[in-house]
Amino acid sequence: MITLALILLVAQEGSPELSATADRHKLMVGEELVYTVRAVSTSQESMSVQVGSVSGFEVVSRTERREVSFAPVARSSVLELRLRALRAGTFQLGPVEAHQGGEVVTIPGVSIVVSESRGAVAAAVNPRVATLLRRARPPSPAGEVGLTVHLSADTVLVGQQVDVVTAAWFPRDLRLRLRRPPTLQPPKVDGLWSYPQPAPVGIAASRRVGRDWYDLFVSHEVVFPLTPGTFVLEPASLRYSVPLALQFFSQEERLSLKSATPVLVVRPLPVDGQPAGFQGAVGSKLEIGWHLPQASGRVGDPLPVEFTVTGLGNVALWPDPSPAWTDDVRVYRDRVEEHLESEAGRIGGSKTFEYLLVPTEPGMLTIPAVRYPFYDVDAGRYRVLEVEPKALRIAPGDESLAARGLPPPLLADGGPSFSYRLETLPWIVWLVVFGAPPLVYLAALLMPRRRQARPARAVPSDLRSAELAFERLIRLYVPDLEEHVGSELVSALTVAGLEHSMAERVGVLRQRLMLARYGPEAGDGQQHALVVEIRDIVAHLATIPQSTLRHRAVTVGIAALLATSGTAWSQVASPSELYQAGALRLAADGFQREVELAPGVVARWYNLGAAHYRLGHDWQAAAAWHRALELAPRNRHVRRARALVPPPDAASDRRLMVPPVTAGELLLLAVVFWIPGWVGLMRSRRFQRRWVVLLLLSAGSVAGAGAVAWWRQRPRAIVLADTPLRVSPHERAPAVAPGPAGTVVWLGRRWGPWVLVRAPGDSEGWLPREAVATP
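Please read these numbers as outputs of a predicted model, since none were measured by experiment.

**Observations regarding the overall build of the protein**
Per the secondary structure count, the protein includes 19 helices and 36 strands. Burial analysis of the protein (775 residues in total) assigns 42% to the buried set. Here the analysis covers contacts within the protein between residues at least 6 apart in sequence; of these, 69% occur between residues at least 24 apart. Here the protein has roughly 42600 Å² of accessible surface; of this, 56% comes from carbon and sulfur atoms.

**Observations concerning the sheet that holds strand β20 (residues 263–267)**
Reading across the sheet, the 3 strands line up as β11-β20-β17 and stay open at both edges, with mixed pairing between neighbours. Only two strands of the sheet have a single neighbouring strand rather than two, namely β11 (155–157) and β17 (229–232). Each adjacent strand pair in this sheet contributes to an overall mean axis angle of 25 degrees, direction not counted. Relative to β20, β11 is paired through 3 bridges, and the arrangement is parallel. From the neighbouring strand, Thr 155 faces β20, where its bridge partner is Val 265.

**Side note on the pattern of salt bridges**
Should their charged atoms come close, side chains of opposite charge can pair. Within the structure shown, the criterion is met by 15 salt bridges. The residue Lys 285 makes a salt bridge to Glu 343 at a minimum N-O spacing of 2.9 Å. Residue Lys 285 is found in strand β21 (residues 282–291), and its partner Glu 343 is found in strand β24 (residues 329–343); the two are separated by 58 residues along the sequence. Judged by its relative accessible area of 39%, Glu 343 falls in the partly exposed class. Between Glu 764 and Arg 758 there is a salt bridge; the shortest N-O distance is 2.8 Å.

**Section: helix α13 (residues 584–597)**
Taking 1.5 Å per residue as the helical rise, α13 with its 14 residues ought to reach 20 Å, and the 20 Å between its terminal C-alpha atoms agrees with that figure. Within α13 the residues assigned to the buried category are Leu 584, Ala 587, Ala 588, Gly 590, Phe 591 and Val 595. Buried residues along α13 cover an arc of 165 degrees about the axis, so they all sit on one side. Summarising the geometry of α13, the exposed residues directed more than 90 degrees from the buried face are Arg 593, Glu 596 and Leu 597. Of the surrounding elements, those touching the buried residues of α13 are α12 (575–581) and α14 (602–615).

**Quick word on the side chain of Asp 215**
Within the secondary structure, Asp 215 is located in strand β16 (residues 212–225). We classify Asp 215 as buried; its relative accessible area is 1%. Polar contacts involving the side chain of Asp 215 include one to the side chain of Arg 172, which spans 2.9 Å. For Asp 215, the side chain forms a polar contact with the side chain of Arg 175, separated by 2.7 Å.

**Looking at unusual backbone geometry**
Omega for the peptide link from Gly 94 to Pro 95 comes to 5 degrees, which places this bond in the cis form. When you line up the elements, Pro 95 lands in strand β7 (residues 89–100). Its identity is not glycine, yet Lys 285 carries a phi of approximately 55 degrees, on the positive side. In this structure, Ala 344 takes a positive phi of about 55 degrees despite not being glycine. By the element assignment, Ala 344 lies in the loop between β24 and β25 (346–359). The class for Ala 344 is exposed, based on a relative accessible area of 54%.

**A look at the environment of Thr 494**
Within the element layout of this structure, Thr 494 appears in helix α8 (residues 487–495). Separated by 10 residues in sequence, Thr 494 and Glu 504 have C-alpha atoms that sit 9.1 Å apart.

**So, the sheet that holds strand β28 (residues 381–387)**
Read from one edge of the open sheet, 6 strands run β24-β25-β23-β21-β27-β28, paired in mixed fashion. Among the strands making up the open sheet, the edge pair consists of β24 and β28. Shown here is a sheet whose adjacent strand axes are inclined to one another by a mean of 20 degrees, direction ignored.

The rules behind the values
Residues numbered from 1 in each chain as written. Predicted model: local features only at pLDDT ≥ 70, side-chain atom pairs only at ≥ 80, totals over all residues. Heavy atoms only, no water. Helix = DSSP H or I, 4+ residues; strand = E, 2+ residues; numbered from the N terminus. Buried < 20%, exposed > 50% of the residue type's maximum accessible area, 1.4 Å probe, protein only. Contact = heavy atoms within 4.5 Å. Areas by Shrake-Rupley, 256 points an atom, 1.4 Å probe, with all protein chains shown as cover. Pairing = 2+ DSSP bridges. Axes fitted to C-alpha atoms, helices over the stretch in contact; angles between N-to-C directions. Salt bridge = Lys/Arg side-chain N within 4 Å of Asp/Glu carboxyl O. Expected span 1.5 Å × (residues − 1). Arc of directions from axis to C-beta. Polar contact = N/O pair within 3.5 Å; in protein donor to acceptor, adjacent residues only side chain to side chain.

And the structure:
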């Protein structure tokens, strides 16, 4: 320590030496560099370093540190700035100044070249945003942080674009002290269609106001009014934190600011000159066209037609052209696609409406003319776009499909089969069904028989017991009984399936019970009347089956759903309608979705197979019909259809063997034998041969159900096309055996998109998963 003190005392004082370096001198917009300023001095006086303008850059982080060296004795002050380039150009990072005592040392700084980056500059040079920022007024008083909201127009028409730009003004000396960018929350735009827009990363612009430089942070949003009126937007908000000291780990003061309340006045579209058929389309430079991928078609084959509307405006709300189709074609709405684009800051793009036409008669099919009226915002008047009609030649349907037998007609859609419902019951149900009779029999053997008659269950006679019984019964319909009083209880009981008159009666009785409980003490006559009323209602409710109540509740829910969405459902064609119209591919896709939703419905599997068969996909049809046959093995329609695509060999036929009964039917038969057998044993209390025979038949039925379930669950698949079995899961691996179409193979382990299979003749190899269909 003494030596260090002597060195410091004899050290000679001199002017600071200042240097500035950058790790990169050329970069693109959005990239970062590290700017290092180092000041070295032999004086013991305090020293500070300041960096001038960093226009065109955003300060990502700022680090300051001090160093001391002893050979020679010197003090160093190092400032590191991590900067992100915001716009293209050549910028001078400086000047840089070092202050020590009364002496100031200045150097010009470093020159940096920033080239354009297409993604970052696109948001920064939005001409509409730039115009609003040029018109923006700086905060008052000068030198303070400000927050302003600017609208491209205060008064607009319905459907006209409005740009909402929020600008946060920061004095540069304050902004350089920030350790993190501020948080800018734009105003909420309830009741307006909104498109958030990309804003410049970091500092969007810099402006000099008097002697002060301001850096602007910007948020941009595009809105489209939907209805006329005056809209008062919520103010924007700004949050930022200012360090209280220069140290990196010093505390920060959190500050917030709100803008003024912006107001937007929306006027309705003019009525004068509004053309017939106007559906509310608003925009500029709108054009409409249509596209037909093929110039001719056949009866029953789907024919796609696309109408595309392009231009500037709110693409999402451009209406359907609604062509007037002729009677010789079935029309189905397929899809609607939107693509957004921007032209000089204005929102626009294209909207495509695709229809599927299914001709029903040969000859000439006319695509009707289309009139598309809209309000042109730029011209300030209504215009009508027109598309000329087009005629297409429709040939007769493909007669090749009639060369082979068609499957039986489609089956009516219904619920899951009874056997499927039995098979999907929880295992605990079967445990109770088969376990309860033996337990009851053992209990009867161990307990002495009582000859006296079992006393009848006493009916509560006092008011409190009757009230508890009443509430227990009502909770079966309304579990949260405490949350419903008066009319709310009546509504809840009605929704639960109770008749409205009985629900009102229950609600009145509960109010009387509440009054008797918390009001003045009731006399014996009143209590007796309440007990009689409770008994009457309980007796009436006990006669209503729970299934009836559930049916009523479901009916009410379905009626409400259909009331709100009936229009939407009427516009969607069912797979059966598509099948009858000849749109087989769409019908197959629809049946596939139905099968995935309800795999236990026989009709859905059969209909899926019929659609595949008419498309020429015989082995997909065979897989679907096999699944339907497993659910209903004695259905003659399914058996007739399955015979249309017989297996190619006897081994495959054996692997697709379906027992004449299902596992669920055998389980039901087991229950039929099981319960009477145990009941007979309990009643006779003697080992009689007939009851034992019933129990043995029940056990045999259970074993048969297990065998059927094991056979059905054994993994198998049908080869869809001639595909060789390969020695390894790779398309270039050598083939080990042929895989003819229709062959039934056992499935093994999987490896990515491949599956190991065992073909008839014990040939084992790998097949692509898309080359097989699982029945």
